[in-house]
Amino acid sequence: MAAQPPYTISQVEHTVEHVGRQKAASKRRIRWVFGVTPIAGTAAAPSTQQHELVFTWSISSGKQDITLDGTNVTFNRQKGRSVFNEALQRMGEKPDLRLVCTTTVPTGCPQD
């Protein structure tokens, strides 16, 4: 079995929306669009594939939903959890993804 070629990942777009029904700040929808490009000189074609990752997190109920390219990847419910740290299974595709989010903004970072 041949080794997978190395990739470069570039962020194309990032948005954060407060989408709670009763209180907007109680639910967040975070969306990333990123490109995956094989490094030149590998057997893979040098074209960039764009992907969309959407993470929806209800802070009050603890529901967490992740979709990748429109397909539901995972759904959890963990009330009171302040850190989300999840490896995403991509059916053998590379590169592997890990999503880490917190309910509070770390010191020194912009609010949104």
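Just above, that's the structure.
The rules we used
Residues numbered from 1 in each chain as written. Predicted model: local features only at pLDDT ≥ 70, side-chain atom pairs only at ≥ 80, totals over all residues. Heavy atoms only, no water. Helix = DSSP H or I, 4+ residues; strand = E, 2+ residues; numbered from the N terminus. Buried < 20%, exposed > 50% of the residue type's maximum accessible area, 1.4 Å probe, protein only. Contact = heavy atoms within 4.5 Å. Salt bridge = Lys/Arg side-chain N within 4 Å of Asp/Glu carboxyl O. Phe/Tyr/Trp six-rings, centres within 6.5 Å; stacked < 30°, edge-to-face > 60°. Polar contact = N/O pair within 3.5 Å; in protein donor to acceptor, adjacent residues only side chain to side chain. Core = buried A, V, L, I, M, F, W, Y, C linked by side-chain atoms within 4.5 Å. Pairing = 2+ DSSP bridges. Axes fitted to C-alpha atoms, helices over the stretch in contact; angles between N-to-C directions.

Undergrad: I'd like a rundown of the overall build of the protein chain, residues and numbers included.
TA: Within the protein chain, the regular secondary structure consists of 0 helices and 7 strands. In the protein chain, the succession of α and β elements from N to C terminus is β-β-β-β-β-β-β. The buried share of the protein chain, taken over its 112 residues, is 28%. Considering only residue pairs separated by 6 or more positions, the protein chain has 34% of its internal contacts joining residues 24 or more positions apart.

Undergrad: Go over the pattern of salt bridges with me, naming the residues and quoting the values.
TA: In the structure shown here, the tally under the stated rule is 2 salt bridges. Among the salt bridges present, the one from Glu13 reaches Arg31, with a minimum N-O distance of 2.9 Å. Linking Glu13 in strand β1 (residues 7-18) with Arg31 in strand β2 (residues 27-38), this pair joins segments that are 18 residues apart in sequence. By relative accessible area, Glu13 is classed as partly exposed at 34%. Classification of Arg31 as partly exposed rests on a relative accessible area of 23%.

Undergrad: Which residues make up the packing of aromatic side chains, and what values do they have?
TA: Summed over the entire model, instances satisfying the criterion amount to 1 aromatic pair. Between the aromatic rings of Phe55 and Trp57, the centroid separation amounts to 5.5 Å while the plane-to-plane angle is 50°, which identifies the pairing as tilted. Across the pair, exposure class does not vary: Phe55 and Trp57 are buried alike.

Undergrad: Please set out unusual backbone geometry residue by residue, giving values where relevant.
TA: In this structure, Asp69 takes a positive phi of about 55° despite not being glycine. Mapped onto the elements of the fold, Asp69 is located in the loop between β4 (63-68) and β5 (71-77). Residue classification places Asp69 among the partly exposed residues on the basis of a relative accessible area of 40%.

Undergrad: Please give an account of the side chain of Ser61 that cites residues and values.
TA: Mapped onto the elements, Ser61 comes out in the loop between β3 (49-58) and β4. Owing to a relative accessible area of 16%, Ser61 belongs among the buried residues under this scheme. Separated by 3.4 Å, the side chain of Ser61 and the backbone nitrogen of Lys63 make a polar contact. Apart from residues lying up to four places away in sequence, Ser61 is in contact with Arg77 and Lys79.

Undergrad: Describe the nonpolar core, and please don't skip the residues or the numbers.
TA: Ranked by size, the top nonpolar core spans 14 residues in total, and within it Trp32, Leu53, Phe55, Ile66, Phe84, Leu99 and Cys101 carry the most contacts. When residues of this core are assigned to their parent elements, the largest contribution, 4 residues, is made by β2. Discounting residues that sit within four places of it in the chain, Phe55 has contacts with Arg28, Arg29, Ile30, Trp32, Gln64, Asp65, Ile66, Phe84, Leu99 and Cys101.

Undergrad: Go over the sheet that holds β1, please, and point to the residues and values.
TA: Strand order in the open sheet formed by 5 strands is β1-β2-β3-β4-β5, and the pairing between neighbours is antiparallel. Both outer strands of the open sheet, β1 and β5, are each paired with one neighbouring strand and no more. Averaged over all pairs of adjacent strands, the angle between their axes in this sheet comes to 15°, without regard to strand direction.

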